[in-house]
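Chain by chain, the residues run as shown.
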Amino acid sequence: MNRTAPAITPPALQFADVSHVYQNQRRRTTVLKQIDLAFERGTFYTVLGPSGSGKTTLLSLASGLDSPTKGTIRFDGQDLAELGLGRYRNKHAATVFQQYNLLTYMTALQNVITAMEITGAKPATGRRKAHALELLAKVGLDPDMADRNVLKLSGGQQQRVAIARALACDVDILFADEPTGNLDEDTADGIIGIFQELAHTQNKCVIVVTHSQTLAARSDRTLTLRKGKVAVGAA
Ligand SMILES: Nc1ncnc2c1ncn2[C@@H]1O[C@H](COP(=O)(O)OP(=O)(O)O)[C@@H](O)[C@H]1O
Ligand SMILES: [Mg+2]
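Residues numbered from 1 in each chain as written. Chains lettered and ligands numbered in written order. Predicted model: local features only at pLDDT ≥ 70, side-chain atom pairs only at ≥ 80, totals over all residues.

### A word on the overall build of the protein
Then, in step 1: Secondary structure assignment for the protein yields 9 helices and 10 strands.
Then, in step 2: Against the globule reference of 18 Å for 235 residues, the protein gives a C-alpha radius of gyration of 18 Å, in line with a compact fold.
Then, in step 3: The principal-axis extents of the C-alpha atoms in the protein amount to approximately 55 × 50 × 35 Å.
Then, in step 4: Within the span of the protein, comprising 235 residues, buried residues form 39% of the whole.
Then, in step 5: Intrachain contacts of the protein at a sequence separation of at least 6 include 69% that bridge at least 24 residues. (Helix = DSSP H or I, 4+ residues; strand = E, 2+ residues; numbered from the N terminus. Rg over C-alpha atoms; globule rule 2.2 N^0.38 Å. Buried ≥ 20, exposed ≤ 12 C-beta atoms within 10 Å, placed from the backbone. Contact = placed C-beta atoms within 7 Å.)

Written as structure tokens, this is what we have:
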């Protein structure tokens with residue numbers, strides 16, 4: 001009989017004693033001070049805090065764009081430094097940027113397919129185009145819009161393409177920095193609904209930086225950054 005205790009599943013993402021300092025020639029800015037945090041799958045988080053409090057810094061460390069000055073960040077229990085930031089970004093995490101960062105000479109569909117090709121993501125059916133169309137439909141873009149050059153889509157529609165592209169890579173963690181900043185209320189509402197659905201029905205870990213109290217109120221947990229520390233609360 002196996003008498004070992006059941007393994008405790010590590011959080012999707014874990015910050016352990018993480019500090020981050022920017023050192024320029026003239027000054028040193030300590031942005032994060034000994035942060036301990038856990039992010040779980042199936043949960044939609046929002047990160048709040050005044051301008052300059054370190055929200056973007058936290059996101060860039062969590063999404064593997066940068067390494068912390070001190071401390072450890074783990075994905076499913078594995079140190080990102082060991083896993084490799086490139087591999088982590090390629091296979092497990094995706095970021096929806098405020099400016100979308102879409103390839104503007106391509107259609108929405110081509111943007112999503114290209115992301116799958118770059119990351120090597122293979123849908124279960126093996127058919128990338130069908131999968132891309134499915135994901136675009138899921139975020140509310142019909143085949144007609146999918147075939148349009150992304151510059152011929154509205155801001156909200158481009159944001160949806162960016163989300164579909166992130167999903168196409170079948171990541172575990174989705175990050176977004178101010179995703180509803182440029183959108184009208186109805187469009188923003190639709191995007192928030194997508195984040196909730198991703199967390200609650202697809203078991204993704206969704207982490208969104210925002211200034212919007214409306215968005216924060218609809219997330220499961222809020223993290224507030226202030227003076228290098230993070231306060232965690234239920235939204
Ligand atoms: N590359 C950098 N070099 C030096 N200081 C930086 C750099 N990036 C950000 N900072 C400083 O770190 C602090 C936090 O920045 P940031 O994470 O962008 O905050 P937020 O996203 O909450 O506005 C600010 O004081 C900012 O000026
Ligand atoms: Mg910022």
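Next comes the rest of the account.
### Section: unusual backbone geometry
For residues besides glycine, phi is generally negative; the peptide bonds are generally trans as well.
Then, in step 1: Residues other than glycine seldom take positive phi values, yet Asn 203 does so here, at roughly 60°.
Then, in step 2: Along the chain, Asn 203 turns up in the loop between helix 8 (185-202) and strand 8 (205-209).
Then, in step 3: One non-glycine residue with positive phi stands out, namely Lys 227, at about 50°.
Then, in step 4: Counting through the fold element by element, Lys 227 comes out in the loop between strand 9 (221-226) and strand 10 (229-234).

### Looking at the site of ligand 1
Then, in step 1: Tyr 22, Asn 24, Thr 29, Val 31, Gly 49, Ser 51, Gly 52, Ser 53, Gly 54, Lys 55, Thr 56 and Thr 57 make up every residue found near ligand 1.
Then, in step 2: At the level of elements, strand 2 (28-39) and helix 1 (55-62) are the ones that each hand at least two residues to the shell around ligand 1. (Near = placed C-beta within 6 Å.)

### Thoughts on helix 7 (residues 155-168)
Then, in step 1: If you check helix 7, its first and last C-alpha atoms are 20 Å apart, about what 14 residues at 1.5 Å a residue would give, namely 20 Å.
Then, in step 2: Counting buried residues in helix 7 gives 11 out of 14 residues, a clear majority hidden from the surface.
Then, in step 3: Inspection of helix 7 places Gln 158, Gln 159, Arg 160, Val 161, Ala 162, Ile 163, Ala 164, Arg 165, Ala 166, Leu 167 and Ala 168 among the buried residues, and these make up the whole buried set.
Then, in step 4: If you follow the buried residues of helix 7, they end up packed against strand 6 (93-96), helix 4 (108-119), helix 5 (128-138), strand 7 (173-177) and helix 8.
Then, in step 5: With its phi angle positive at about 50°, Asp 170 sits one or two positions after the end of helix 7. (Expected span 1.5 Å × (residues − 1).)

### Quick notes on the packing of helix 5 against helix 7
Then, in step 1: Two numbers describe how helix 5 lies on helix 7: the axes approach to 9 Å, and their chain directions differ by 135°. The angle between the axes of helix 5 and helix 7 places the two elements in the oblique class. Crossing angle aside, the handedness with which helix 5 passes helix 7 is right-handed. Note on element contacts: helix 7 touches helix 5 through Ala 164, Leu 167 and Ala 168, opposite His 131, Ala 132, Leu 135 and Leu 136. (Axes fitted to C-alpha atoms, helices over the stretch in contact; angles between N-to-C directions. Parallel < 35°, antiparallel > 145°, perpendicular 65-115°, else oblique. Left-handed = near helix turned anticlockwise from the far one by under 90°.)

### A few points about the packing of helix 4 against helix 7
Then, in step 1: In contact at an axis separation of 8 Å, helix 4 and helix 7 are set at 25° when each is read in the N-to-C sense. Relative to helix 7, helix 4 is oriented roughly parallel. The two elements helix 4 and helix 7 cross, and the hand of that crossing is right-handed. Contacts between helix 4 and helix 7 involve Ala 108, Asn 111, Val 112, Ala 115 and Met 116 from the first element and Val 161, Ala 164, Arg 165 and Ala 168 from the second.
Then, in step 2: The class makeup of the residues in the contact of helix 4 with helix 7 is 7 nonpolar, 1 polar and 1 charged. (Nonpolar A, V, L, I, M, F, W, Y, C, P; charged D, E, K, R; others polar.)

### Regarding the sheet that holds strand 2
Then, in step 1: Spatial ordering of the open sheet is given by 2-1-4-5, a layout of 4 strands whose pairing is antiparallel. Each end of this open sheet is capped by a strand with a single partner; those strands are strand 2 and strand 5 (78-79).
Then, in step 2: Strand direction decides the pairing type here: strand 4 (residues 70-75) and strand 5, joined by 2 bridges, are antiparallel. Within the sheet, the bridge partner assigned to Arg 74 lies in strand 5 and is Asp 79.
Then, in step 3: Along the sheet, helix 1 makes contact with strand 1 (13-23), strand 2 and strand 4, crossing strand 1 at roughly 125°. (Pairing = 2+ DSSP bridges.)

### Re the environment of Ala 137
Then, in step 1: Residue placement: Ala 137 occurs in helix 5.
Then, in step 2: Between the C-alpha atom of Ala 137 and that of Thr 104, which follows or precedes it by 33 residues, the distance is 20 Å.

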